[in-house]
Number of protein chains: 2
Amino acid sequence: MSDIQIQPKDTPTLCIGLFGFGVVGEGLYKVLQQTPSLNATIKKVCIRNAWKKRNAPAELFTDNPDDLLEDGEINVIVELIDDATAAFGIVSQALSNHKAVVSANKKMIAEHFPTLLSLQQQYEAPFLYEAACCASIPVIRNLEEYYDNDLLQSISGIVNGSTNFILTRMQEGQPDFTAALLLAQQLGFAESNPLLDIGGFDATNKLSILLAHAYGITVSPADLLFAGIQQLQPGDIAYAHEKHCRIKLVATATRLRNGQVAAFVLPQLVAAESQLFHVQDEYNGVLIESSFADRQFFYGKGAGSLPTASAVLSDISALRYAYRYAYRKKYQQVPPMLSHDFYLQVYVSAPNATAIPTDRFTRIEERFTGKGRNYITGVIAASALQQNDWWKQEGISLIVGAAGIMEDVELRSIQHQSLTLAGVKAEN
Amino acid sequence: MSDIQIQPKDTPTLCIGLFGFGVVGEGLYKVLQQTPSLNATIKKVCIRNAWKKRNAPAELFTDNPDDLLEDGEINVIVELIDDATAAFGIVSQALSNHKAVVSANKKMIAEHFPTLLSLQQQYEAPFLYEAACCASIPVIRNLEEYYDNDLLQSISGIVNGSTNFILTRMQEGQPDFTAALLLAQQLGFAESNPLLDIGGFDATNKLSILLAHAYGITVSPADLLFAGIQQLQPGDIAYAHEKHCRIKLVATATRLRNGQVAAFVLPQLVAAESQLFHVQDEYNGVLIESSFADRQFFYGKGAGSLPTASAVLSDISALRYAYRYAYRKKYQQVPPMLSHDFYLQVYVSAPNATAIPTDRFTRIEERFTGKGRNYITGVIAASALQQNDWWKQEGISLIVGAAGIMEDVELRSIQHQSLTLAGVKAEN
């Protein structure tokens, strides 16, 4: 048996081709200029309007992608454009040209994950995207490197800063949804298409990326159970307040007792005992629970130009020592199956009680009817939600309750899950 | 310029020699048996009393260190013994024999840091010790890999679970210090010598390790400004409560405006706005602030056998792909100087007002005299505290106030520091 040798680490000079010169791109350009120790320089920037006046020398810019992608000196492509389709074209060509790639485009990554995995393997080119999940919080890197064994029980997080900002405003006495959304956009941490945020699409894209690094599971975001926050009514906010909870849009993946993994993005009632309760405004927070380490919590700014640039910078820095994601849980272990075979304890409200199809529930726990506000609480199968979208119709809102996920047979909560997620003990 | 090549990762079989079979060692043994995917087995365990009955086959045990250290098949030494002097002997010999080493012994690491650095370089053997700081929280790995540029502004944390447990009990209506300490010991998260915890020595050892990975600074723990919690009086707890703060033992390192770093371990008043306020019982929490990423917070169990075993396991796992700390901030950058040239805003209480040498203060802000309780608040030079230990005499307690660190000239708080540390805005 050989000794464990320390491999000498090269620190190659990174010659960067940058796509996009928005707030993140420009911030990155400035920091790289101010941080010579990183040994990384931007050689060329590709933008749509090459003639637009910018805070950088004109000769830096081009509108021809091939000026970057076909330049043999450029060994790193940093992709920071908004258009997911164009981004995929750039990233695939860059990887095919054996260039390292750094991207923050979660939509593109989530939707093309299998192809991007193949390209990395085929061309042996590193592809890093820490900024795609929770911006400045190093969640992908930690799942990949630190929680790289099979002891991970659950991961649950507030992964979309824009919706969390809106929910915070709405629960702090400014119930106007549209005004809160507008403010989030003005402050620069909303997607250019707001539906990506408020419809839960962005959080679901992130969950599908997290599943790959947490459990080795590859799943298209479209196949995950999810909703956003645009259905929430003032009555729901009042209900949460009465229960001393906050409504948060939580992305969850939990190992069930049968070893399979339940995963979804849904609004949830979160109690004050949970770390997630205290994640306010545009901040993100991720709870990781493992057999040994107990609960771990990571918190930081999950949106905005500087936190995103910070994550991109750390990825660039990691390329200096040839870091890549090894996807160990996918390639070196047998990944668990994704399960739709579980139950959720939920609260559902509607303008009139008849709008809630109670026959679809496995169990009804409480009913409330009142003037303009009706709700029930009970247990429903995840598959029943996945198959039919009555609960996504206008005026109806569904929120995961304190007891959270339940296993199929006994309809009891998963102890660790309910503790972690909603911070409320399961009422077994 | 060459492409950035992905180096093929070996996944060598790890053949482990384990020193110590206490709760952490035994837990590790069980988990490795249950986790074949880690490809790591314990070949031999060295303990003091080889004849003692244990929950493992008798042939596994020896009391002769050389049975592990001189075994050519064993390529990893995991050191989990209490005695720091013996541990240093084991670790140095293991590294000299080109074996990878994993240790959780913060006292040993902090006190012998320069030697251990040299040994790693000379023999090219990896030495990992994530469990030595905040047990299950991957703080060393993140400082080393993710915050590896020079944009780190401050790190501050609750890094000793035992004192935090005692402080939590004392501030939740059970003011009996001795009873709280006894309970911490019974629950298994106190050092065998309680003075290491309550005297602040353990936290200071951890700070000296964190300084190496955060800033590349090597400093002996004995040269750091520090105190523990054994001086705190019920009156101090009451004062903090009146100010809606909690007293926490905080380890702090902050970059000053002149680029140098101020570092100390002292009790601090922490307001509810700070993440550290909510770190209770035996939990640990670390706040990291950088120019770009803003505030990041890591939280988890910082003491106890399973969280410690969890960190040891992650280190073992990292050895599979030849991971080592590169100490980039030390070797690839010019580390900042450690400064004693800063001021602290403090609260000092004593049984009688004359016990506080007010002439040593740069500025007095408030004085309170009452029956059995006297305090002043004001500003004092760190060097004045470092040079004289009047403030460590029995009956006197010193607590860093909300304004925290101040720069030398204007005596104004460092904005980012005071925000981060105590969660209270600087009163500029």
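Predicted model, so just to flag it, every value in this text is computed and none were measured.

> Describe in detail the overall build of chain A, supporting the description with residues and values.
What chain A contains, in helices and strands, is 15 helices and 17 strands. Rg of the C-alpha trace for chain A: 22 Å, near the compact-globule value of 22 Å for 428 residues, within the 12% margin. If you line up chain A on its principal axes, its C-alpha atoms span 70 × 60 × 35 Å. Counting over 428 residues, chain A shows a buried share of 64%. Considering only residue pairs separated by 6 or more positions, chain A has 70% of its internal contacts joining residues 24 or more positions apart. Separation between the mean location of the 34 positive side-chain charges and that of the 44 negative ones in chain A comes to 3 Å.

> Which residues make up the packing of aromatic side chains, and what values do they have?
Following the criterion strictly, the structure yields 36 aromatic pairs over all chains and no others. Centre to centre, the rings of A:Phe298 and B:Phe298 are 5.2 Å apart; their planes meet at 85°, and the pair counts as edge-to-face. Of this pair, A:Phe298 sits in strand β12 (residues 294–301) while B:Phe298 sits in strand β12 (residues 294–301), on two different chains. For A:Phe298, a relative accessible area of 2% gives the class buried.

> Outline the packing of helix α3 (residues 84–96) of chain B against helix α5 (residues 113–123) of chain B, supporting the account with residue identities and numerical values.
Residues and elements named next belong to chain B. Between α3 and α5, the shortest axis-to-axis distance is 9 Å and the interhelical angle comes to 20°. On the basis of the axis angle, α3 is roughly parallel to α5. Here α3 runs over α5; the crossing is left-handed. Residues Phe88, Val91, Ser92, Leu95 and Ser96 of α3 lie in contact with α5, whose contacting residues are Thr115, Leu116, Leu119, Gln120 and Tyr123. Of the residues in the contact of α3 with α5, the class split is six nonpolar, four polar and no charged.

> Explain the side chain of A:Ser290 residue by residue, including any values.
Residue position: A:Ser290 is located in strand β11 (residues 283–290). Ignoring any residue separated from it by four or fewer positions in sequence, one finds A:Ser290 in contact with A:Leu151, A:Leu152 and A:Gln153.

> Help me get a handle on the packing of helix α7 (residues 161–171) of chain B against helix α8 (residues 177–186) of chain B, residues and values and all.
All names here are of chain B. In the contact formed by α7 and α8, the axes pass within 9 Å of each other and the chain directions differ by 135°. When the interaxial angle is binned, α7 and α8 end up oblique. You can see that α7 and α8 cross each other, and the crossing is right-handed. Residue-level contacts link Ser162, Phe165, Ile166, Arg169 and Met170 of α7 to Phe177, Ala180, Leu181, Leu183 and Ala184 of α8. Grouping the constituent residues of the contact of α7 with α8 by class yields eight nonpolar, one polar and one charged.

> If you had to explain the sheet that holds strand β6 (residues 127–128) of chain B to someone new, which residues and values would you point to?
Residue and element names in this part refer to chain B. Taken together, six strands build an open sheet; the order of strands is β3-β2-β1-β4-β5-β6 and the sheet is parallel. Of all the strands in the sheet, just β3 (61–62) and β6 have a single pairing partner and so form its edges. Two elements, strand β1 (residues 14–19) and strand β4 (residues 76–79), share four bridges in a ladder whose sense is parallel. Note on β4: the bridge partner recorded for Gly17 is Ile77. Across the face of the sheet, α3 comes into contact with β1, β4, β5 (100–103) and β6 while running at roughly 170° to β4.

> Lay out a negative patch on the surface with the relevant residues and their values.
On the surface, A:Asp63, A:Asp66, A:Asp67 and A:Glu70 cluster together into a patch of negative charge. Along the chain, A:Asp63 falls in the loop between β3 (61–62) and α2 (66–69).

> Tell me about the relation of the copies chain B and chain A, and please be specific about residues and values.
Both copies of the chain are related by a screw-like operation: a rotation about an axis and a shift along it. Turning chain B through 180° and shifting it by 0.0 Å along the axis lays it on chain A, with an RMSD of 0.0 Å. Here the two chains are linked by the operation of a two-fold rotation axis. When each C-alpha of chain B is compared by its distance to the rotation axis, B:Phe298 comes out closest, at 2.4 Å. A shared binding surface is used by both copies, with 100% of the interface residues of chain B retained as interface residues in chain A.

> Which residues make up the sheet that holds strand β5 (residues 100–103) of chain A, and what are the values?
Sheet strands pair by backbone hydrogen bonding; their relative direction is either parallel or antiparallel. Residue and element names in this part refer to chain A. Across the sheet, six strands lie side by side as β3-β2-β1-β4-β5-β6; this open sheet has parallel pairing. Here the strands that pair on one side only, and so sit at the sheet edges, are β3 and β6 (127–128). Sheet analysis places strand β4 (residues 76–79) next to β5, joined by four bridges and oriented parallel. Along β5, the bridge assignment pairs Val78 with Val102. The strands that helix α3 (residues 84–96) touches are β1 (14–19), β4, β5 and β6; relative to β4, the one it contacts most, it runs at about 170°.

> Please give an account of the interface of chain B and chain A that cites residues and values.
Facing 68 residues of chain B, the contacting portion of chain A comprises 69 residues. Summed over both sides, the interface of chain B with chain A buries roughly 6100 Å², with 54% coming from carbon and sulfur. At the boundary of chain B with chain A, the tally comes to two salt bridges. One salt bridge in this structure joins B:Asp294 and A:Lys301, with 3.4 Å as the shortest N-O distance.

> Describe the environment of B:Ala227, naming the residues involved and giving the relevant values.
Residue and element names in this part refer to chain B. Position of Ala227 among the secondary structure elements: in the loop between β8 (225–226) and α11 (234–242). For Ala227, a relative accessible area of 10% translates into the label buried. Considering only alpha carbons, one finds Ala227 and Val265, 38 residues apart in sequence, at a separation of 6.2 Å. Setting aside chain neighbours within four positions, we find Ala227 in contact with Gly199, Gly200, Leu249, Val265, Leu266, Pro267, Trp391 and Lys392.

> Describe the confidence of the model for chain A, listing the residues and the values that go with them.
Residue and element names in this part refer to chain A. Per-residue confidence for chain A gives a mean pLDDT of 88; residues scoring 70 or more make up 92%. Segment residues 5–10: pLDDT under 50, and 13 contacts once partners within four positions in sequence are set aside and those in other chains are kept. Contacts from residues 415–428, a stretch scored under 50 in pLDDT, to residues over four places away or in other chains number 47 contacts. Confidence metrics for the complex model read pTM 0.87 and ipTM 0.82.

> Give a description of the pattern of salt bridges that names residues and reports values.
All names here are of chain B. Following the criterion strictly, the structure yields 26 salt bridges over all chains and no others. For the salt bridge of Lys206 with Asp202, the shortest nitrogen-to-oxygen distance reads 2.7 Å. In this pair, Lys206 and Asp202 are both assigned in helix α10 (residues 201–215), four residues apart and thus about one turn of the helix distant. Looking at Lys206, the relative accessible area reads 4%, which means it is buried. The salt bridge involving Glu242 is made with Arg373; its shortest N-O contact spans 3.9 Å. Of the two residues, Glu242 is situated in helix α11 and Arg373 in strand β15 (residues 373–381); the sequence distance between them amounts to 131 residues. Look at Glu242 and you get partly exposed, because its relative accessible area is 48%.

About the criteria used
- Residues numbered from 1 in each chain as written.
- Chains lettered and ligands numbered in written order.
- Predicted model: local features only at pLDDT ≥ 70, side-chain atom pairs only at ≥ 80, totals over all residues.
- Heavy atoms only, no water.
- Helix = DSSP H or I, 4+ residues; strand = E, 2+ residues; numbered from the N terminus.
- Rg over C-alpha atoms; globule rule 2.2 N^0.38 Å.
- Buried < 20%, exposed > 50% of the residue type's maximum accessible area, 1.4 Å probe, protein only.
- Contact = heavy atoms within 4.5 Å.
- Lys, Arg positive; Asp, Glu negative; His and termini not counted.
- Charge placed at Lys NZ, Arg CZ, Asp CG, Glu CD.
- Phe/Tyr/Trp six-rings, centres within 6.5 Å; stacked < 30°, edge-to-face > 60°.
- Axes fitted to C-alpha atoms, helices over the stretch in contact; angles between N-to-C directions.
- Parallel < 35°, antiparallel > 145°, perpendicular 65-115°, else oblique.
- Left-handed = near helix turned anticlockwise from the far one by under 90°.
- Nonpolar A, V, L, I, M, F, W, Y, C, P; charged D, E, K, R; others polar.
- Pairing = 2+ DSSP bridges.
- Patch = residues over 30% accessible without salt bridge, like charges linked within 9 Å, V, L, I, M, F, W, Y side chains within 5 Å.
- Areas by Shrake-Rupley, 256 points an atom, 1.4 Å probe, with all protein chains shown as cover.
- Salt bridge = Lys/Arg side-chain N within 4 Å of Asp/Glu carboxyl O.
- Least-squares fit on C-alpha atoms with pLDDT ≥ 70 in both.
- Buried area = accessible area lost by both parts, 1.4 Å probe.
- pLDDT = per-residue confidence, 0-100.

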